[in-house]
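A closer look at the structure
Now for the letters of each chain:
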Amino acid sequence: MGLGKMESFLANHIEGFFNRKFSSDLEPVELMQGLEKKLQQGKPGQVLPNVFLFSLSNEDYRRLCAQRVIDELITCAEKQVILQDGYMDGELSLRIGRKESLTRGVYELRLSTEQGPSEDTEPHTLVLERSHLDPIRPLNLPAEHKLAALTVEEGPDQDSYLEFGEKQIYIGRRDKNEFILTDQNASRLHAWIEYQRHRHVLHDAQSTNGTFVNGRRVQSVCLQAGDEIRIGESVLVYEVI
């Protein structure tokens, strides 16, 4: 087997192990790419693991074991759950640990649904869970990670745009809604979106004219990237950002 084919075989068949031809410092984008690749192995409708364990060399651990990096990786995982049309139960947690046997530029990634540390995790492990970050979040980080956006493609409010994450948002004509429409065929409180099982779920708020997704009237639906939501004369598109 040639060198190129051997590298391809290792990348595709060794579970959770990623290596590069030359030893150099890991970058956060490489960890995100590995995480995306793992989650993309799931099938639509599948419940995905909620615990992620990265093992790094001592050198890479010292550089990358930071809240900023962990925050970025968690956001990456949350977006992939939506893009893969999967679900995730429980709190999403991500761990970065160091493993003495790994060399610089090499890391291991394991996914599980465990709530406690893995038995073979070495003691030098930082555990940060998303729900515990906000009270100690540095001032240079946003209070909420934006995962998706609504854009009005048709209607009186064309080009109106809202990015949102895990917080519940309300849609309609009333002033205190997060997404305000001026469309007179929209109800004051027409619909709302909440975050369930790490997915955005759209609910009709018993509106007068109904809420439609991709041409079908709905009471409640789990949104997928590219869905078109019709409210009155307005069409809003849901996308992962």
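You'll find the structure just up there.
Residues numbered from 1 in each chain as written. Predicted model: local features only at pLDDT ≥ 70, side-chain atom pairs only at ≥ 80, totals over all residues. Heavy atoms only, no water.

The helix and strand inventory of the chain stands at four helices and 18 strands. Looking at the chain as a whole, 46% of its 241 residues qualify as buried. In the chain, of all internal contacts separated by at least 6 residues, the share reaching a separation of at least 24 is 60%. Entry remark: accessible area of the chain is about 12,600 Å², with carbon and sulfur atoms responsible for 49%. (Helix = DSSP H or I, 4+ residues; strand = E, 2+ residues; numbered from the N terminus. Buried < 20%, exposed > 50% of the residue type's maximum accessible area, 1.4 Å probe, protein only. Contact = heavy atoms within 4.5 Å. Areas by Shrake-Rupley, 256 points an atom, 1.4 Å probe, with all protein chains shown as cover.)

Now for the nonpolar core. Core analysis: the largest hydrophobic core is formed by 24 residues, its most contacted members being Leu35, Phe52, Phe54, Leu56, Leu73, Leu94 and Ile96. Broken down by secondary-structure element, the contributors of at least two residues to this core are α2 (28-39), β3 (51-56), α3 (58-64), α4 (67-83), β5 (93-98) and β6 (107-112). Ranked by residue count, the leading element in this core is α4, at seven residues. Val152, Phe164, Phe179 and Ile231 belong to the second largest nonpolar core, which has 23 residues in total. (Core = buried A, V, L, I, M, F, W, Y, C linked by side-chain atoms within 4.5 Å.)

Our next topic: the sheet that holds strand β17 (residues 228-231). The antiparallel open sheet is built from six strands, whose spatial order is β9-β8-β18-β17-β14-β15. Both edges of this open sheet fall to β9 (161-164) and β15 (216-218), since each of them pairs with a single strand only. Here the average twist between neighbouring strands, direction ignored, is 30 degrees. Inspection of the sheet shows strand β14 (residues 211-213) paired to β17 by three bridges, in the antiparallel sense. Within β17, the residue paired with Thr211 across the bridge is Ile231. (Pairing = 2+ DSSP bridges. Axes fitted to C-alpha atoms, helices over the stretch in contact; angles between N-to-C directions.)

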